[in-house]
Amino acid sequence: MSASSETKRDFVSSELGTKEYWDKTYDREIESFKEFGDVGEIWFGEDSQERVLDWLEDCGLVTIEDPVLDLGCGNGIMLIEMARRGYTNLTGVDYSEGAIDLAKSVAHKEEITCINYQVVDLVADDCTEKYTCLTKKYKVVIDKGTYDAISLIPDDEMEARTAYLRTVKRIVSDNGLFVITSCNWTEQQLLQFWETDFELLEKIPTPSFQFGGQQGNTVTSIVLKPKS
Ligand SMILES: C[S@@+](CC[C@H](N)C(=O)[O-])C[C@H]1O[C@@H](n2cnc3c(N)ncnc32)[C@H](O)[C@@H]1O
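Residues numbered from 1 in each chain as written. Predicted model: local features only at pLDDT ≥ 70, side-chain atom pairs only at ≥ 80, totals over all residues. Heavy atoms only, no water.

K.L.:
Pulling in residues and values, what's your account of the pattern of salt bridges?
P.N.:
Inspection of the entire model under this criterion finds twelve salt bridges. We note a salt bridge from Glu-57 to Arg-85, for which the minimum N-O separation is 3.2 Å. With Glu-57 in helix H3 (residues 45-58) and Arg-85 in the loop between helix H4 (77-84) and strand S2 (90-94), this residue pair connects regions lying 28 residues apart in the sequence. Accessibility expressed as a relative area gives 44% for Glu-57, which makes it partly exposed. As a salt-bridge pair, Arg-84 and Glu-110 come within 2.8 Å of each other at their nearest N and O atoms. Here Arg-84, found in helix H4, pairs with Glu-110, found in the loop between helix H5 (97-109) and strand S3 (115-119); they are 26 residues apart in sequence, far enough to count as distant. By relative accessible area, which is 36% here, Glu-110 ends up partly exposed. Bridged by salt links that share partners, the residues Glu-50, Asp-54, Glu-57, Glu-81, Arg-84, Arg-85 and Glu-110 form one connected network. (Salt bridge = Lys/Arg side-chain N within 4 Å of Asp/Glu carboxyl O. Helix = DSSP H or I, 4+ residues; strand = E, 2+ residues; numbered from the N terminus. Buried < 20%, exposed > 50% of the residue type's maximum accessible area, 1.4 Å probe, protein only.)

K.L.:
Residues and numbers for the site of the ligand, please.
P.N.:
Residues in close proximity to the ligand total 16 residues, the closest being Tyr-26, Gly-72, Asp-94, Asp-121 and Lys-144. Within the side chain of Tyr-26, an N or O atom sits 2.6 Å from an oxygen atom of the ligand. Within the side chain of Asp-121, a nitrogen or oxygen atom sits 3.0 Å from a nitrogen atom of the ligand. Here the ligand loses 97% of its free accessible area of 590 Å² to cover by the protein chains. If you list the elements that add at least two residues to the shell around the ligand, you get helix H2 (19-36) and helix H7 (146-151). In the shell around the ligand, the residues fall into nine nonpolar, four polar and three charged. (Near = heavy atom within 4 Å. Polar contact = N/O pair within 3.5 Å; in protein donor to acceptor, adjacent residues only side chain to side chain. Areas by Shrake-Rupley, 256 points an atom, 1.4 Å probe, with all protein chains shown as cover. Nonpolar A, V, L, I, M, F, W, Y, C, P; charged D, E, K, R; others polar.)

Following this line, the structure appears as structure tokens:
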């Protein structure tokens, strides 16, 4: 048995693992954006996004021209912020058409034109052949909450997680970085699952709490690199 298949989830499936849930969510968020200009939820908060972006800026491994892909980009705010910081080669994908419509509307309003968006199912068979933006390799691949959502799929979550791992492996360049932020998995669980093909480059510090003598984190952000 591979290390990844031993990483069992210790939480139950939920509607957050279904496309119907995300379609409904983004339909609502588009209406709200049109009416009030509200961009919707930034998962795990703005601080969490800033920590990832600050790390990328400070690590000395990434230039602003390097290709960046945001997996399950939702409203695309991570990419908007990257565009504001000067990155020029940005792509966002999500399987919900509503998410991509919302992301495009937000970028349009912000007059940001350097982001390419595509509707993509990251766990679909042959997705790295059938979607143009997944036929390329990226220096930086970002996941904030998407592996979490995939892990909540009611049936066959392990199959979906394994398909997702296969997709990520195909699109991260040999010297690339996979930056994953999760609230469902601990650092140890993430490493155990991804270690078939990736190794830890760095843990991005996140706020921790103490309870009953145990130290824990509400959100985990780690940077992985492909195993050579
Ligand atoms: C928790 S939200 C995070 C959104 C965004 N990354 C953020 O940080 O605000 C999870 C996102 O993953 C997307 N998603 C879930 N499963 C997916 C799949 N199989 N392919 C592509 N996108 C998926 C959902 O539509 C949703 O936008």
